[in-house]
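# Examination of the molecular architecture
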Amino acid sequence: VDVPIAQVSTGEWHFVVLSWSAAAGEVKAYLDGVQTGTTQGGPATKNWSFTDPASIGRDYYEEVVGGAGGLTYFAGKIDETRVYSRALSAGEIKGL
């Protein structure tokens with residue numbers, strides 16, 4: 001799920017949330033408390049097992065054109081991260 005980058009102004013803090021529900025088979029993206037996107041199926045329905053260390057601000061991808069993988073990093077500052085054991089509702093996200 002992409003957060004529309006055109007809505008993100010530089011030099012200001014923004015509130016970004018990704019909410020994943022395996023039961024619903026969907027991932028929702030929120031920017032500053034407003035839902036900006038939803039995806040269903042694919043990775044949203046995968047039974048993820050987190051045996052590897054989790055990363056925030058870094059993405060490792062293996063399936064790219066030509067089969068070469070690599071690392072990408074977030075070019076900014078990240079503050080006050082949280083991980084919940086369940087998908088939050090839109091109302092709960094607005095209240096954070």
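Note that the structure is predicted; figures quoted are calculated from it, not measured.

### A look at the pattern of salt bridges
Close approach of charged atoms lets side chains of opposite charge pair. Applying the stated rule across the entire model yields two salt bridges. For the salt bridge of E26 with K28, the shortest nitrogen-to-oxygen distance reads 3.5 Å. Relative accessible area serves as the criterion here: at 14%, E26 is assigned to the buried category. On the basis of relative accessibility, which here comes to 25%, the residue K28 falls in the partly exposed class. Residue E92 pairs with R86 through a salt bridge whose shortest N-O separation is 2.8 Å.

### Observations regarding the pairing of strand β2 (residues 26-31)
Within β2, five of the six residues are buried, which leaves it mostly tucked inside the rest of the structure. Pairing geometry for strand β1 (residues 16-21) and β2, over six bridges, is antiparallel. Bridge assignment links S19 to a residue of β2, and that residue is K28. The hairpin formed by β1 and β2 contains four residues between the paired strands, and G25 there has a positive phi angle of roughly 65°. As paired elements, β2 and strand β3 (residues 34-40) share six bridges and run antiparallel to each other. Of the residues in β3, the one forming a bridge with Y30 is Q35. Taking the residues between adjacent antiparallel strands as the criterion, β2 and β3 are bridged by two residues, where D32 takes a positive phi near 55°.

Conventions adopted
Residues numbered from 1 in each chain as written. Predicted model: local features only at pLDDT ≥ 70, side-chain atom pairs only at ≥ 80, totals over all residues. Heavy atoms only, no water. Salt bridge = Lys/Arg side-chain N within 4 Å of Asp/Glu carboxyl O. Buried < 20%, exposed > 50% of the residue type's maximum accessible area, 1.4 Å probe, protein only. Helix = DSSP H or I, 4+ residues; strand = E, 2+ residues; numbered from the N terminus. Pairing = 2+ DSSP bridges.

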